[in-house]
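# Structural overview for review
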Amino acid sequence: LDEEGRERARQLFARVLEATGGGLRIQTIHSFCRQLLSSFPLEAGLVPGFRALEEREQQGLARESLEQMVVDAEARDDRVLLDALEALALRLGEQEAERYLIRCAGAHDALEGLDGDIRGWLFAALDLPAGDIDAEIAEQCSDDAFDLVALRRVAKANTDWGTKTGLGNADIIASWLGETPENRAQALGELGSCFLRKDGEPKAVSKGQSSADPDYEALAFGLGETIAELLALRTRAAYAETVAQGLYAGRAYAQTYAAAKRRVGAVDYDDLIAHAAALLGTQGIADWIRYKLDQRTDHILVDEAQDTNSRQWTI
């Protein structure tokens, strides 16, 4: 640089030092949130003098909370919670199950807002019957509910077709018709093989089947659709049961972990973000807090903005 360039650089440096709020401030968003919450702890619902957990300490407290939750559940013989944890571990494996629970702890407010009966709430949200799903499917397989007229016409058409495939279909249908509704429900997959491919799409109708009954294609399509819906109902219900157990265990863990943090007067990184976002939107005080911030901040430059999640962006 020449003399003029050096003079310009000195002026820029002085402008940085004299910028609003005491110069440039370079910090992580967690550091910003910690400073903000430290200034307004009561308004944010925190204990004055709270401290932020370091990552290793946070991991230790999270693990300790999980162990304590299991011990407490065993002590009071809480089979619902223990079964939920077991199902979670079997589905995800130990490490992934722990990660899932920790994510639930980060969504503590959302989980607390769920209905007390998580299963009932979830089944209603997914438009699933609230009672015994197997009993519901069995009811749909009863003589009064299932289209037995169409099924018998299809069986006769397959018998008249007379091929190995046709006779096999007729035998499957005859066997299914001879069962109780409960056994029919269990054998829906086998009955479905007469009408559906392995990928769930309708099977092609042969010329021999159409010749045996001109309505065969429409009958087979309707029966296949009914069976597919019942099988999908069972799959959706099984998935919902698993999710409900996961959410139940996640809510219990979030409560245990939150209590552990209160006990040591600490917050984790997720808490810093969540409480700061809530504080900046709190009716009655948020405007004043933002006004105070505006007194010392003209601009914010966000580095790696593509990694900013929605809650951070709210802040």
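You'll find the structure just up there.
Now for a quick tour of the structure. (Residues numbered from 1 in each chain as written. Predicted model: local features only at pLDDT ≥ 70, side-chain atom pairs only at ≥ 80, totals over all residues. Heavy atoms only, no water.)

### A few points about the packing of aromatic side chains
Using the following cut-off: Stacked, edge-to-face and tilted labels apply to pairs of Phe, Tyr and Trp rings (six-membered ring for Trp) whose centres lie within 6.5 Å, assigned for plane angles under 30 degrees, over 60, and everything in between, in that order. For helices the rule is a DSSP run of H or I covering at least 4 residues; for strands it is a run of E covering at least 2, with both sets numbered from the N terminus onward. Accessibility here uses a 1.4 Å probe with only protein chains present; expressed as a share of the type maximum, an area under 20% marks a residue as buried, one over 50% as exposed, and anything in between as partly exposed. Geometrically, a lysine NZ or arginine CZ counts as sitting over a ring once it is within 6 Å of the ring centre and also within 35 degrees of the ring normal.
According to the stated counting rule, one finds three aromatic pairs in the structure shown. Measuring from centroid to centroid gives 5.9 Å for Y253 and Y257, while their planes differ by 5 degrees, and the two rings are stacked. With Y253 and Y257 both in helix α14 (residues 216–264) and four residues apart, the pair spans about one turn of that helix. By relative accessible area, which is 2% here, Y253 ends up buried. Residue Y257 is classed as buried on the basis of its relative accessible area, which comes to 3%. Its guanidinium or amino end placed over the ring of F123, R119 lies 4.0 Å from that ring's centre, counting from NZ or CZ. One cation-aromatic arrangement involves R184 over W176; the distance from NZ or CZ to the ring centre is 5.0 Å.

### Description of the state of the cysteines
Rules: Criterion for a disulfide: a pair of cysteine sulfur atoms at a distance within 2.5 Å.
Applying the stated criterion to the full structure yields zero disulfides. Not engaged in a disulfide, the cysteine C141 finds its nearest cysteine sulfur in C194; these two sulfurs lie 14 Å apart. Taking the relative accessible area as the measure of exposure, C141 reaches 0% and is therefore buried. Residue class for C194 comes out buried when judged on its relative accessible area of 7%.

### Considerations on the packing of helix α4 (residues 79–92) against helix α5 (residues 94–106)
The cut-off we apply is this: Throughout, an axis means a line fitted to C-alpha atoms (over the contacting stretch in the case of helices), and angles, computed between N-to-C directions, take values from 0 to 180 degrees. Orientation labels follow simple angle bins: below 35 degrees gives roughly parallel, above 145 gives roughly antiparallel, 65 to 115 gives roughly perpendicular, and whatever is left gives oblique. Handedness of a crossing follows from how the near helix is turned relative to the far one, being left-handed for an anticlockwise turn of less than a right angle and right-handed for a clockwise one. The contact criterion used throughout is that any non-hydrogen atoms of two residues lie within 4.5 Å. Residue classes follow a fixed rule: Ala, Val, Leu, Ile, Met, Phe, Trp, Tyr, Cys and Pro count as nonpolar, while Asp, Glu, Lys and Arg count as charged, and any other residue, Gly among them, counts as polar.
Where α4 contacts α5, the two axes come as close as 7 Å, and the packing angle between them is 120 degrees. Taken together, the axes of α4 and α5 lie oblique to each other. The two elements α4 and α5 cross, and the hand of that crossing is right-handed. Taking contact as the criterion, the partners of L85, L88, A89 and L92 in α4 are, on α5, E94, E96, A97, Y100 and L101. Its residues assigned to classes, the contact of α4 with α5 comprises seven nonpolar, no polar and two charged.

### Brief notes about the pattern of salt bridges
Worth spelling out the cut-off: Any Lys or Arg side-chain nitrogen located within 4 Å of an Asp or Glu carboxyl oxygen qualifies as a salt bridge.
Enumeration according to the criterion identifies 19 salt bridges in this entry. Ionic pairing is found between R119 and E241, a salt bridge with its closest N-O pair at 2.8 Å. Linking R119 in helix α7 (residues 118–125) with E241 in helix α14, this pair joins segments that are 122 residues apart in sequence. In this structure E241 comes out as partly exposed when scored by relative accessible area, which is 30%.

### Examining a nonpolar patch on the surface
Selection criterion: Patch definition: residues with relative accessible area over 30% and no salt bridge; like charges joined within 9 Å; nonpolar side chains (Val, Leu, Ile, Met, Phe, Trp, Tyr) joined within 5 Å. Here, Shrake-Rupley sampling with a 1.4 Å probe gives the accessible areas, and only protein chains in the shown set may cover a residue.
On the surface, a cluster of nonpolar side chains totalling about 390 Å² of accessible area is made up of I300, V302 and W313. On the basis of relative accessibility, which here comes to 61%, the residue W313 falls in the exposed class.

### Digging into the nonpolar core
Quick note on the threshold: Take the buried Ala, Val, Leu, Ile, Met, Phe, Trp, Tyr and Cys residues and link them wherever side-chain atoms come within 4.5 Å; each set so joined is a nonpolar core.
Of all hydrophobic cores here, the largest spans 60 residues; its most connected members are L151, I173, W176 and F195. Top contributing element to this core by residue count: α14, with 17 residues. When neighbours within four sequence positions are excluded, W176 is seen to be in contact with C141, F146, L148, L151, R184, A187, L188 and L191. One finds L36, V267, L279 and L280 within the second-largest nonpolar core, a separate group that totals 17 residues.

### Describing the side chain of S142
What counts, and what does not: Throughout this description, a polar contact denotes any pair of N or O atoms lying within 3.5 Å of each other; where both atoms belong to protein, one of them has to be capable of donating a hydrogen while the other can accept it, and for residues adjacent in sequence the pair is counted only when both atoms sit in side chains.
Its place among the elements puts S142 in the loop between α8 (133–140) and α9 (148–161). Note on S142: relative accessible area 11%, which makes it buried. From its side chain, S142 meets the backbone oxygen of E139 in a polar contact 2.7 Å long. Excluding residues within four positions of it along the chain, S142 makes contact with P181 and R184.

### Concerning helix α1 (residues 3–17)
Spelled out, the test is: Here, expected helix span is obtained from the residue count minus one, scaled by 1.5 Å.
Taking 1.5 Å of rise per residue, the 15 residues of α1 would be expected to cover 21 Å, and the 21 Å separating its terminal C-alpha atoms lies within 8% of that figure. At the N-terminal boundary of α1, the capping side chain belongs to D2, with an oxygen 3.3 Å from the backbone nitrogen of E4.

### So, unusual backbone geometry
Although it is not a glycine, D77 sits at a positive phi angle of roughly 55 degrees. The class for D77 is exposed, based on a relative accessible area of 53%. The phi dihedral of D127 falls on the positive side, at around 55 degrees, and the residue is not glycine. Tracing the sequence through the fold places D127 in the loop between α7 and α8. Residue classification places D127 among the exposed residues on the basis of a relative accessible area of 67%.

### Thoughts on the side chain of D78
Tracing the chain through its elements places D78 in the loop between α3 (55–75) and α4. Under the relative-accessibility criterion, D78 is labelled buried at 16%. D78 has contacts with A73 and Y248, leaving out every residue within four places of it along the chain.

Keep in mind that these numbers describe shape and distance, not what the molecule does.
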